[in-house]
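So you can see what is in the structure, the chains are spelled out below.
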Amino acid sequence: MKKQTIPLKNSLILLLTATIWGVAFVAQSVGMDYVGGFTFNAVRSIIGSIVLLPVILFLDRQKTPAVRTEEEKKSGQKTLLMGGIACGICLCLASNFQQFGIKYTTVGKAGFITACYIVIVPILGLFLKKKCSPYIWGAVVMALIGLYLLCITDGFSIGKGDILVMICAVLFSLHILVIDYFSPKVDGVKMSCIQFLVCGILSGIPALIFENPQISSILAAWQPILYAGVMSCGVAYTLQIVGQKNMNPTVASLILSLESCISVLAGWIILGQSMSRKEILGCVIMFAAIILAQLPEKTDNEKSMS
């Protein structure tokens, strides 16, 4: 029973994560009206890290201390630090490419192009000997068709913002695979806290050099920054790490890509952004691809192996 319960619980956690991220595209877009992209990511990441500190203290008090040798403690701390730094570097690169991409494209398109990681994760996973079902590969093909309709114009050109967000999708794919590697070995909340601190510091360096951030501008953007920091960073990325435990990274990426559908709705409802019929068709095909990839096939495989 436990094997059936864990994926469902994890899937719901990842769905909540996708919802928070989908709305965060609006916050990121609005935030760029007040501050630069590096400044926005630096401040929200630091906030995300700070928000998790009391959570870590609370969870540590609830845990029964495990009996471990000094060598095991040092090894665990080293793995946690390595995981947090690796995730932080990937997150910094991905979030900044995404942030600047949103400046040159719509919230809805940015959300769906970011969802391109549903194509990239299984391809990268092949190099890590992670097999995928035929359903998932069928979904990948459909997703590519959907992305073509969504991004490529009649003149077979692609916008500057679309290119930046596509690079972000590759980097988020690496982020997902890094989390998949480290999350079973370390405390997910602690790793999340470290990754935000690393991301905030790395984003802060170019922010100070190129953007000359002002406190007044940051305060003017307090609403989108606070949402992105507390909800998108502190809550959602931590839920991602917790939800990805013991899950196939390709399936996890497909659930998380539902943020694209939510971003379109959020952009339409909150910002009044619209999409063409061709772009809407691309969204529908991508949504169908995500549903296809969720079709159960593990039961059949398990039966054939037994």
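**Comments concerning the packing of aromatic side chains**
Under the criterion given, the structure shown has two aromatic pairs. The aromatic ring of Tyr104 is capped on one face by Lys160, whose charged end is 4.4 Å from the ring centroid. Positioned above the aromatic ring of Tyr181, the side-chain terminus of Lys185 is 3.6 Å from the ring centre.

**So, the side chain of Gln99**
Mapped onto the elements of the fold, Gln99 is located in helix α3 (residues 70-103). Judged by relative accessible area, which is 0%, Gln99 ranks as buried. Those residues within four positions of Gln99 in sequence are excluded, and the remaining contacts are Gln28, Met32, Gly37, Phe40 and Asn41.

**Remarks on the packing of helix α8 (residues 188-211) against helix α10 (residues 222-243)**
Relative to each other, α8 and α10 sit at 130°, their axes nearing to 9 Å. When the axes of α8 and α10 are compared, the pair comes out oblique. Along this stretch, α8 crosses α10, giving a crossing that reads as right-handed. For the pair formed by α8 and α10, the contact residues are Gly188, Val189, Met191, Ser192, Gln195 and Phe196 on the first element and Cys233, Gly234, Tyr237, Thr238 and Ile241 on the second. Per-class residue counts for the contact of α8 with α10 are six nonpolar, five polar and no charged.

What counts and how
- Starting from 1, residues in each chain are numbered consecutively following that chain's sequence as written.
- Reporting in this predicted model follows two pLDDT cut-offs: at least 70 for local features of residues, and 80 or more for side-chain atom pairs to be given and counted; totals over whole chains, interfaces and linings ignore these cut-offs and use all residues.
- Excluded from the side-chain calculation are hydrogens and water; included are all heavy atoms of the structure.
- Aromatic pairs are defined between Phe, Tyr and Trp rings, using the six-membered ring for Trp, whenever the two ring centres lie within 6.5 Å; interplanar angles under 30 degrees are classed as stacked, those over 60 as edge-to-face, and all others as tilted.
- For a lysine, the NZ atom is tested; for an arginine, the CZ atom; a charge sits over a ring if that atom is within 6 Å of the ring centre and within 35 degrees of the ring normal.
- Numbered from the N terminus, helices here are DSSP runs of H or I no shorter than four residues, and strands are runs of E no shorter than two.
- Think of it in three bands: with a 1.4 Å probe and only protein chains considered, a residue is buried below 20% of the maximum accessible area for its type, exposed above 50%, and partly exposed in between.
- Any two residues whose heavy atoms approach within 4.5 Å at even a single point are treated as in contact.
- The angle between two axes is taken between their N-to-C directions and runs from 0 to 180 degrees, where each axis is a line fitted to C-alpha atoms and a helix contributes only its stretch in contact.
- An angle below 35 degrees is treated as roughly parallel, one above 145 as roughly antiparallel, one from 65 to 115 as roughly perpendicular, and anything else as oblique.
- Working rule for handedness: look at the near helix, and if it is turned counterclockwise from the far one by less than a right angle, call the crossing left-handed; if clockwise, right-handed.
- Polar here means any residue other than Ala, Val, Leu, Ile, Met, Phe, Trp, Tyr, Cys and Pro, which are nonpolar, and Asp, Glu, Lys and Arg, which are charged; Gly is therefore polar.

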